[in-house]
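In case you want the letters, here they are:
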Amino acid sequence: MKLSKVLWVLLSLCCYCVIINNNGVEGSHEVHPQYISHQAARVTQLHRTSYHFQPPRNWINGPMFYNGIYHLFYQYNPKGAVWGNIVWAHSISRNLIDWEALEPAIYPTDPYDINGCWSGSATILPGNRPAILYTGIDTQQRQVQNIAFPANLSDPYLTKWVKSSKNPLVAPDSSVNASAFRDPTTAWWLNGHWRIAVGGKHHKRGIAHLYRSRDFMKWVKAKHPLHSARYTGMWECPDFFPVPIYGENGLDTSATGRNVKHVLKVSLDLTRYEYYTIGTYNPSIDRYIPDNSSSDGWDGLRYDYGNFYASKTFYDPPHNRRVLWGWANESDTSSNDTAKGWAGIQTIPRTLWLDKGIKQLIQWPIREINALRGQKFQVRNQELKTGEYVNIPEISAAQADVEVTFYVPSLERAEEFDPSWVNAQDLCGMKGSTVQGGVGPFGLLTLASEHLEEYTPVFFRIFKAKDKHKVLMCSDAKSSSLRTDVYKPSFAGFVNVDLKDGMLSLRSLIDHSVVESFGAGGKTCITSRVYPTMAVMKKAHLYAFNNGTEAVTIKKLKAWTMHTPQMN
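Keep in mind it's a predicted model, so treat the numbers as computed, not measured. (Residues numbered from 1 in each chain as written. Predicted model: local features only at pLDDT ≥ 70, side-chain atom pairs only at ≥ 80, totals over all residues. Heavy atoms only, no water.)

### Structural notes on the overall build of the protein chain
Reasoning step 1: When helices and strands are counted, the protein chain shows 2 helices and 40 strands.
Reasoning step 2: In the protein chain, which comprises 568 residues, the share counted as buried stands at 63%. (Helix = DSSP H or I, 4+ residues; strand = E, 2+ residues; numbered from the N terminus. Buried < 20%, exposed > 50% of the residue type's maximum accessible area, 1.4 Å probe, protein only.)

### Some details on the sheet that holds strand S9 (residues 129-137)
Consider a sheet: its strands pair through backbone hydrogen bonds, and that pairing is either parallel or antiparallel.
Reasoning step 1: Strand order across the open sheet formed by 4 strands is S8-S9-S10-S11, with antiparallel pairing between neighbours. In this open sheet, the two edge strands, each paired with only one partner strand, are strand S8 (117-125) and strand S11 (161-163). When strand polarity is set aside, the average angle formed by the axes of neighbouring strands in this sheet is 30°.
Reasoning step 2: Here S9 pairs with strand S10 (residues 143-150) via 6 bridges, running antiparallel. Following the sheet pairing, Tyr-134 is matched in S10 by Asn-146. (Pairing = 2+ DSSP bridges. Axes fitted to C-alpha atoms, helices over the stretch in contact; angles between N-to-C directions.)

### Brief notes about the sheet that holds strand S40 (residues 552-562)
Reasoning step 1: Taken in spatial order, the 6 strands of this open sheet run S28-S40-S30-S36-S37-S38, and their pairing is antiparallel. Edge positions in the sheet fall to strand S28 (373-384) and strand S38 (524-529), since each of these pairs with one other strand and no more. Taken over all neighbouring pairs, the strand axes of this sheet differ in orientation by 15° on average, direction set aside.
Reasoning step 2: Sheet topology note: the strand S30 (residues 399-407)/S40 ladder contains 8 bridges and is antiparallel. By the bridge assignment for S40, Val-402 is matched with Ala-559.

### Some thoughts on the pairing of S8
Reasoning step 1: Of all 9 residues in S8, 9 are buried, a share of seventy percent or more.
Reasoning step 2: Both S8 and S9 contribute to a ladder of 7 bridges, which runs antiparallel. Within S9, the position partnered with Ala-122 by the bridge is Ile-132.
Reasoning step 3: Counted between consecutive antiparallel strands, the loop separating S8 from S9 contains 3 residues, among which Gly-127 sits at a positive phi close to 90°.

### Quick look at the pattern of salt bridges
Reasoning step 1: In total, this model carries 27 salt bridges according to the counting rule given.
Reasoning step 2: Between Arg-350 and Glu-516 there is a salt bridge; the shortest N-O distance is 3.0 Å. Separated by 166 residues along the polypeptide, Arg-350 in strand S26 (residues 350-354) and Glu-516 in strand S37 (residues 514-519) bring together distant segments of the chain. With respect to burial, Arg-350 and Glu-516 carry one shared label: buried.
Reasoning step 3: Within the structure, one salt-bridge network assembled from shared partners comprises Arg-182, Glu-236, Asp-269 and Arg-272. (Salt bridge = Lys/Arg side-chain N within 4 Å of Asp/Glu carboxyl O.)

### Looking at unusual backbone geometry
Reasoning step 1: Omega for the bond connecting Asn-167 with Pro-168 falls within 30 degrees of zero, at -5°, which places this linkage in the cis form.
Reasoning step 2: Structurally, the position occupied by Pro-168 is in the loop between S11 and strand S12 (181-182).
Reasoning step 3: In this structure, Pro-441 follows Gly-440 across a cis peptide bond, with omega equal to 10°.
Reasoning step 4: Tracing the chain through its elements places Pro-441 in strand S32 (residues 439-448).
Reasoning step 5: One non-glycine residue, Asn-128, lies in positive phi territory at about 60°.
Reasoning step 6: Tracing the backbone through its elements, the reader meets Asn-128 in the loop between S8 and S9.
Reasoning step 7: Here Asn-191, not a glycine, exhibits a phi torsion of approximately 50°, which is positive.
Reasoning step 8: Structurally, the position occupied by Asn-191 is in the loop between strand S13 (188-190) and strand S14 (193-202).

### Describing the packing of aromatic side chains
Reasoning step 1: All told, the structure shown has 28 aromatic pairs when counted by the stated rule.
Reasoning step 2: When the ring of Phe-216 is compared with that of Trp-219, the centres are 5.2 Å apart and the planes differ by 75°; the resulting orientation is edge-to-face.
Reasoning step 3: With a relative accessible area of 1%, Phe-216 lands in the buried category.
Reasoning step 4: Arranged with centres 5.4 Å apart and planes meeting at 85°, the rings of Phe-240 and Tyr-281 form a pair that is edge-to-face. Of this pair, Phe-240 sits in strand S18 (residues 235-244) while Tyr-281 sits in strand S20 (residues 273-282), and the two are 41 residues apart along the sequence.
Reasoning step 5: Residue class for Phe-240 comes out buried when judged on its relative accessible area of 3%. (Phe/Tyr/Trp six-rings, centres within 6.5 Å; stacked < 30°, edge-to-face > 60°.)

### A short note on the nonpolar core
Reasoning step 1: Ranked by internal contacts, the top residues of the largest apolar core, which has 45 residues, are Ile-392, Phe-442, Ile-462, Leu-504, Ile-554 and Leu-557.
Reasoning step 2: Excluding its chain neighbours within four sequence positions, the residues that come into contact with Phe-442 are Phe-406, Val-408, Phe-459, Phe-460, Ile-462, Leu-504, Phe-545, Asn-546 and Val-552.
Reasoning step 3: Val-87, Ile-369, Leu-372 and Met-562 belong to the second largest nonpolar core, which has 23 residues in total. (Core = buried A, V, L, I, M, F, W, Y, C linked by side-chain atoms within 4.5 Å. Contact = heavy atoms within 4.5 Å.)

### Quick look at the confidence of the model for the protein chain
Reasoning step 1: Within the protein chain, residue pLDDT values average 89, and 89% of them lie at 70 or more.
Reasoning step 2: A low-confidence stretch, residues 1-43 (pLDDT under 50), is modelled with 167 contacts involving residues beyond four sequence positions or located in other chains.
Reasoning step 3: Low pLDDT (under 50) marks residues 58-62, which in the prediction has 49 contacts with non-local residues, meaning those over four places away or in another chain. (pLDDT = per-residue confidence, 0-100.)

Spelled out as structure tokens, the structure:
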């Protein structure tokens, strides 16, 4: 069986879902019955994004490439802007930027999914036939795995989908927690069998249950999981895929070999963030073993240290790349979400590959996003002394893409790093953009009002550790809004970067209520959701700043107004 015919597709249905147990809801979603089916009189545009994926209205959460078209299926509430009434909505695109909404693909209709059609993945079977595996909530409130197929393969948009009469294909046995058994992965083919992993937990241990099938319809549970880890809790949205050791290309999901590593990512229900490990998949025993350099727990590597969850990757064969999608929920109140008529966005799709050191992944916005760049402004060799900031004019600062490279001539004034500072987010909260340091803080003030009553700083601060310099990257929402009823966290991560040449780069995608930032060429990424009251629309500003005692230089800065694509 040729790999090119096996896994051309991953459907990424981002997997925000309620956990049901014998006593009702167990905490993954906060349910708001008063808002579930409440429609806003009109959709408010003030903080609505312009070039990030959103449906026309209401609540969403996260493609599939098939015959030249990208399909995005996502959990959607057609009746309100909070979680509830979930269906599988469906949009299509030819470039991952412009999107057209179609009718929803899957509704709860049968005993095996009557209480909910939750997330899943897709695989292309022999004969170029897509199949969707998804989690349904049955009449007993169990989580079971079901399958659906396109009703008409000659329909280029795959508008209609039909569920199998053999559903459920996979039901939890006595060894599986039936209220924590969801989100089947993309399948991979090996030695005459398909394999999938399904997220779960046993007490406090997170589990990726392993299942095998010869025909994709009859599935048998393996005696052991693909992988598990103590004290991590429920594993939502597991994603398991190969990456080449050399180069930036992607690999088909079934690829194995000597020059291949594997990645296992899980979304942690207990913490509401994700972590991933890099390791080795041993096909002979069907086990995944993380490398010693990958922490396998809550302190593990993260795609994004901000508002980013329920992510999924897929292999994009025309461009030979692996693409990552994530979901950024609102940080606003549910009542405000309902009033404005929408909630939740997809982050900009990111190309993903293995760093040369084989210890982490690199992420970068897909190149198609550059087609939206319009009016441009640039700065070169601009020195920033202590307390200085420079305005970036001539662009729409509320809807922009900015790339900047800073030059740090000396690290002698770097602050001493306290080994007890293990939590980057706490450190960012303690040493924000207004706290003067030695080398840093320096970076960008995004979505800023003219006199800085509101701003969201994205910045670096460099410390002197025992054996090397430590770089902290922050996206700090504390000053993002004058409102007091929104969540305004200090998101942060450390950046594993060599500063021998004194260069440190930052890219930020700014879109009204979201700031996606990529440090050091995509080594550390942070997404923030913010809700300014003054720094909105044409009143938003963008500045570069330095609040360290060591002067830094803007070696080069380019900023563009971003055009608005077709969006559903």
